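Fold and contact review
Chain by chain, the residues run as shown.
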Amino acid sequence: MIIAGILVCIGWATGNASATRLFFEGEAISVVVAIEFILAGTVFVVAGLRHPLALRLMQRGVAAGLLALSTVGAIGLLTDGLARSLYFSTATLAMSPGAVAVFVLSGVLLLMLAPTQSRTNRLVIQLGTAGIAAIGVILILNEYVNTDYIFTTGKVKQAALGTAILFLALAVGMWGLWRDAAWNNHPRKDVKPSSIYLAVDVLVTVIVATVALIAFGLSQGRSQEIMLDQMDVVAKDKRLFFDTLLNSHFDKALLSSERPAIIKALVEIAEDRTSNGERVELMTAAAHSFVKRDFSAFSIRTNDGKLVASAGSVVVKAEQRIRLWGNTGVELLWDKGYVLRTHLPVHRNDEVVGFVDAEQRMDDLTLLHKKAISGAQTSDMVVCAADGDKQQCFPFRWSKVAAQFPSYLDGRALPLTRASNGETATEITTDFRRERVMAAFGPIGSTGLGMAIKRDMTDLYAPIRKQFFSTFPFFLCLILVSIGVARAMLNPLINALELTGEKMRVVALTDALTGLANRALFDDRLQLSMGRSRRTKSTMALMFVDLDKFKSVNDRFGHNTGDELLQWCAAQMALVTRETDTVARLGGDEFTLILDAIPNDDVAKRIAGDLVDAIGRYKTVFPALDVEGFGASIGIAFYRGDSRTPKQLVACADAALYECKKSGRASFNIAEYEESKAL
């Protein structure tokens, strides 16, 4: 992410458009988004250094930066004025709603990541990370299955494909941080049935939601193709109509300049062969006749510019005037409607004998304009002409007066600029308002004008969006039914898994022969008991029990008898101890007893004596078993919260057992321990 972010920044600095897009097609990644990716990537690099304090400080700093930049982005999306003046003044600062959401989530999650967290926080972190990944997947999916009907929200920048891919990388990084957090570094626990059900619920929901998105996306894509085709046909018809009307009105003006009577009168005035007053009256009458029929103003001048006759009302101050066909004598004006003004020479043979100035109100074009901008909520027809790096435009829906607009937006030619330059296309693009629009544009003949027929995507997608969200109850019911069916089918399997898991836990923690705790469970219980003793200042006792002459039993009577004897001895140990105590078999004929929180040492001595007596009466159960010296030797070590470790306590009990065997067997011995001597 750091490399990608730096590459984008270098692309903006050097003007390399491919680098700003990470060499993908489509939108560029803005500098702000690139900086946020660099910040996030820095956290992951520091995490790899395994320095907890540095990582925590970096998380907080980066989280603050992400939230600050994303807050400005959110304000820019919600406030059009700020978006225009501050935020969207250049593509280097623009952000999409998806980017704002992702980086706000990332900032919050970085603040929540800590060595110790509650279950709720862990769930929020997991859901947030999944949300980041989901946004990335949906935006990538949008490249193949159009989902603009959900995400087209007005004056916003669409997320670039490179950004969407980096969102997935960000989600993976956030997941890695979560996995590496101290509160998650515990031994793996058994999978609970609730976790399986939750995973199935999420999987079913994702599948149904994905199917719904793809289905509506394909439908929207087909609808979009139809709308593009229809708009292309309409735009071509309107451009042809506009061009035809301009040419026909120009032809009328041209024909008027070629009237023989006007030519003859101007020649006679120039040669002064007859009364000018009579000629003037004739041409004034002709001018009035033109005004009555086709023209709003008509005037005749001599070749030196002297006015001979005029009629009608001339536009004095037009809102807009654009030269047509590169001809200085032909202009299209706007004065509460389209007006064609012509200044044409009157020729006799190759000699200019005068000029005819004419203005024609083009009511048909004005009506076309009014219908175009009064249709759907955002439908528009814009007619402009290039003027350097500006576009001189006639009024349209979003500009009630004629005005000039930039030809380029963030270095890209706007649709009208491309149309004025002779390019024809029908596509989804961005207009001067930074609004996503469907536009059909192209030149109007050879006039030098360009026309764009367009409509906002928010308006076009409104019916599909409404239909999509109206189907929510259906898909919600489908999800619930699917979850119910999946749970019903999984229930027997999960019950079997639970039973198997319980059996495996028993096998893993108990001795197969006697059913007592095994060494693993003994180690865990001993550690817990010693910890409890330290906290509560109570006494616990650890007994090591060894069966004397047990090997002789196996040698003389066989292992089956030996096993039966072991099981009986284990039962005797369970009988003399309390429910809170732990009896374990470490292996062979070695047993241990953990007496937890005993009130005094006499309790342990009594239990040890009872156990020695009980095992000594083995012949009452095994009368045929005649082994001289068979019995139990016990070593006892007491623990009162001192500094010994479990390993040291076990060594003390084992040493006491050794002393017991050495002194005569079939009894018990207590280990002596003094803290001062140990230190």
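Cut-off values and rules
- Residues numbered from 1 in each chain as written.
- Predicted model: local features only at pLDDT ≥ 70, side-chain atom pairs only at ≥ 80, totals over all residues.
- Heavy atoms only, no water.
- Buried < 20%, exposed > 50% of the residue type's maximum accessible area, 1.4 Å probe, protein only.
- Helix = DSSP H or I, 4+ residues; strand = E, 2+ residues; numbered from the N terminus.
- Pairing = 2+ DSSP bridges.
- pLDDT = per-residue confidence, 0-100.
- Contact = heavy atoms within 4.5 Å.
- 1 Å grid on protein atoms, 1.4 Å probe; cavity = no way out; pocket = protein on both sides within 12 Å on 5 of 7 lines; lining within 4 Å.
- Points joined across faces, edges and corners; volume = space filled by probe spheres on them.
- Nonpolar A, V, L, I, M, F, W, Y, C, P; charged D, E, K, R; others polar.
- Axes fitted to C-alpha atoms, helices over the stretch in contact; angles between N-to-C directions.
- Polar contact = N/O pair within 3.5 Å; in protein donor to acceptor, adjacent residues only side chain to side chain.

What to know about the pairing of strand 16 (residues 582–587)
Most of strand 16 is tucked away: five of the six residues are buried. Here strand 16 pairs with strand 17 (residues 590–598) via five bridges, running antiparallel. From the neighbouring strand, Arg 585 faces strand 17, where its bridge partner is Phe 591. Hairpin connection between strand 16 and strand 17: a loop of two residues separates the two successive antiparallel strands, and Gly 588 in this loop has a positive phi of roughly 60 degrees.

Focus on the confidence of the model for the protein
Model confidence for the protein is summarised by a mean pLDDT of 84, while 90% of its residues fall at 70 or above. Mean pLDDT across the elements of the protein bottoms out in helix 5 (residues 80–87) (42) and peaks in strand 4 (residues 330–334) (94). Counted against residues more than four places away or in other chains, residues 80–90, with its pLDDT under 50, gives 29 contacts. Overall, residues 182–187 carries pLDDT values under 50, and its contacts beyond four positions in sequence, including any with other chains, amount to 13 contacts.

Quick notes on empty space enclosed by the protein
In the structure shown here, the tally under the stated rule is two cavities of 30 Å³ or more. The computed volume of the largest cavity comes to approximately 150 Å³. For the largest cavity, the lining is made up of 14 residues, of which Val 382, Leu 414, Leu 416, Phe 432 and Lys 454 are closest to its centre. Those elements that place two or more of their residues in the lining of the largest cavity are strand 7 (380–387), strand 8 (390–393), strand 9 (403–406), helix 14 (415–420) and strand 14 (449–456). Split by residue class, the lining of the largest cavity holds eleven nonpolar, one polar and two charged.

Description of the sheet that holds strand 7
Judged by pairing direction, the sheet is antiparallel, and its six strands sit side by side in the order 9-8-7-14-13-12 without closing on themselves. Each edge of the open sheet is held by one strand with a lone partner, namely strand 9 and strand 12 (425–430). Direction aside, the axes of adjacent strands within the sheet are offset by 35 degrees on average. Helix 10 (residues 193–257) rests against strand 7, strand 12, strand 13 (436–443) and strand 14 of the sheet, and its axis sits at about 35 degrees to strand 13.

Quick notes on the pairing of strand 12
Taken together, the six bridges between strand 12 and strand 13 define a ladder with antiparallel strand orientation. By the bridge assignment, Thr 429 is partnered in strand 13 with Val 437. Following strand 12, the chain reverses through five residues before pairing antiparallel with strand 13; Arg 434 in that reversal takes a positive phi of roughly 65 degrees.

Digging into the environment of Gly 173
Mapped onto the elements of the fold, Gly 173 is located in helix 9 (residues 161–180). In sequence terms Gly 173 and Gly 41 are 132 residues apart; their C-alpha atoms lie 8.2 Å from each other.

Quick word on the side chain of Arg 341
With respect to the element layout, Arg 341 can be found in strand 5 (residues 338–348). Arg 341 gets classed as buried once you look at its relative accessible area, which sits at 18%. For Arg 341, the side chain forms a polar contact with the side chain of Glu 359, separated by 2.7 Å. Apart from residues lying up to four places away in sequence, Arg 341 is in contact with Val 314, Val 315, Arg 321, Gly 329, Val 330, Glu 331, Leu 333, Ala 358 and Glu 359.

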